[in-house]
Amino acid sequence: MAYRNLRDFIALLERKNLLRRVLVPVSTRMEITEIADRVSKEQGPALLFERVQDSAFPVLINAFGTFERMKLALEVEDLDAPARRLRELLAPPSSSGLLDKLRMLPQLLRMSRFLPRVVNRAPCQELVLTAASGSAPGKLLDLLPVLHCWPGDGGPFITLPMVITRDPETGIQNMGMYRMHVYDNTTTGMHWHPHKDGHRHYLKYEKAGKRMEAAVALGGDPATIYAATAPLPPDVDEMIFAGFLRQEPVDLVKARTVDLLVPAEAEFVLEGYLDPKERRAEGPFGDHTGFYSPVGDFPVFHVTALTHRRDAIYPATVVGKPPMEDCYMAKATERIFLPLLQLVLPEIVDINLPLEGVFHNCALVSIRKTYPGQGKKVLSAL
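Computed from a prediction, not measured in an experiment: that's the story for all the values here. (Residues numbered from 1 in each chain as written. Predicted model: local features only at pLDDT ≥ 70, side-chain atom pairs only at ≥ 80, totals over all residues. Heavy atoms only, no water.)

### Comments concerning the pattern of salt bridges
Side chains carrying opposite charge are able to pair once their charged atoms draw close together. To keep things clear, this is the line we draw: Salt bridge, as applied in this entry: a Lys or Arg side-chain nitrogen positioned within 4 Å of an Asp or Glu carboxyl oxygen. Every helix listed is a DSSP run of H or I at least four residues long, and every strand listed is a run of E at least two residues long, numbered separately from the N terminus. Burial here depends on accessible area, computed with a 1.4 Å probe over protein chains only, as a share of the maximum for the residue type. Under 20% is buried, over 50% is exposed, and the range in between is partly exposed.
Applying the stated criterion to the full structure yields 25 salt bridges. Across the salt bridge formed by Arg7 and Asp311, the nearest N and O atoms sit 3.0 Å from each other. Within this pair, whereas Arg7 is found in helix α1 (residues 6-15), its partner Asp311 is found in the loop between β17 (296-308) and β18 (314-315), the two being separated by 304 residues in sequence. Among the ionic pairs, Lys377 bridges to Glu347, the shortest N-O distance being 2.7 Å. One end of the pair, Lys377, is in helix α11 (residues 374-381); the other, Glu347, is in the loop between α10 (338-344) and β19 (348-352), and 30 residues separate them in sequence. Take Glu347: its relative accessible area is 8%, and that puts it in the buried class. Connected through salt bridges with shared partners, the residues Arg7, Glu265, Glu267, Arg309 and Asp311 form a single ionic network.

Here it is in structure tokens:
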């Protein structure tokens, strides 16, 4: 059975003695980060901070912070298991005859059961707040226990967001994970690199001179959170991929104020928009390498509504020099996406992105070499 939501995963971690509840008051300004950093370096447990200063919501951090917890998150015995299932789906029939095509039909039909389901009511919308409504009028981002991670950071950052946008031409949704520098109660930066699908969507709206709607989900079942980090090909819906990983469809619900579908089991959902050509300085931000990524100009996300569960849990992560929680999510990507690399480069035998290389600055690749210069060809393609 797939996890319905984040709290199902928390309950399992607690049963397995892989989670600690922190009952003393803690600050979102570097204190949670300092504790999580120490625990991560020791491959310690997931942490649920229940008494967060200046917030009514607890903070969950380091939930994916070991290989054991990453395997539990994806409900697999080893991280190569999803790759084996993916390899089966990608395997072409031995010939192009009618019987071979018919044999492929059951696999294609099995994929259809991973398509997301749209529901009418959802836990993530138990409470709906706008700037002029709710029990705390005018409060939106101020309600969230957003972490200020490192001393030189430009401010607090939302570090585990699932950012949902829609391609204005195809109507296909995308979900990606991009850090969000919180400027004030209703605005954040949107850290889109040029090669990201969210940025590609934004450029289309910018070219048309149109405002772009966006939604940001915080929390959900572990496979959906992981799927937001996955380097999927363009126009491959992360929600279908999440369904493939969890072997059950993801439930989606229409957002309350924007025309987007969001995970029904999320803890929080931010709804809002980005204006074309609007930019603002974002950063600096303490990054994976142990250095600060510099200030840059990025689009601005305007929050117009916040929906959440009554007893919502705020999920967060902190990045820094390995080993950290994101390392284990990245190692899952290394294993799961090997079949896609081999589809393009069949000479690849295996790949290893060691934690010591911050997993994207060093790659060890083994190949079946059959001609001079093949290694350089593979490096260029990678």
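### As for the nonpolar core
Selection criterion: Each nonpolar core is a collection of buried residues, namely Ala, Val, Leu, Ile, Met, Phe, Trp, Tyr and Cys, held together in the definition by side-chain atoms within 4.5 Å. Throughout, a residue-residue contact means that at least one pair of heavy atoms, one from each residue, lies within 4.5 Å.
Grouped together as the largest cluster of nonpolar side chains are 62 residues, with contacts concentrated most on Met70, Leu74, Tyr226 and Phe241. Counting residues per element, this core draws most heavily on helix α9 (residues 325-336), at six residues. When neighbours within four sequence positions are excluded, Met70 is seen to be in contact with Phe64, Leu79, Tyr226, Tyr328, Met329 and Ala332. Grouped together as the second largest cluster of nonpolar side chains are 44 residues, Leu129, Leu141, Met180 and Leu274 included.

### Some thoughts on the packing of aromatic side chains
Aromatic ring pairs are described here by two measures, namely the spacing of the ring centres and the angle between the planes. Which entries qualify depends on this criterion: Stacked, edge-to-face and tilted labels apply to pairs of Phe, Tyr and Trp rings (six-membered ring for Trp) whose centres lie within 6.5 Å, assigned for plane angles under 30 degrees, over 60, and everything in between, in that order.
For the coordinates displayed, the defined rule picks out 11 aromatic pairs. A ring pair is formed by Tyr3 and Phe9, whose centres lie 5.3 Å apart and whose planes are at 65°; its orientation type is edge-to-face. Phe9 shares its class with Tyr3; the two are buried. With centroids separated by 5.7 Å and ring planes inclined at 45°, the aromatic side chains of Trp192 and Tyr202 adopt a geometry described as tilted. Here Trp192, found in the loop between β10 (187-189) and α6 (197-208), pairs with Tyr202, found in helix α6; they are 10 residues apart in sequence, far enough to count as distant. Here Tyr202 falls in the buried class, since its relative accessible area comes to 1%. Among the aromatic residues, ring-to-ring pairing joins Phe114, Phe241, Phe244 and Phe337 into one connected group.

Limitation: the analysis is restricted to geometry and does not speak to function.
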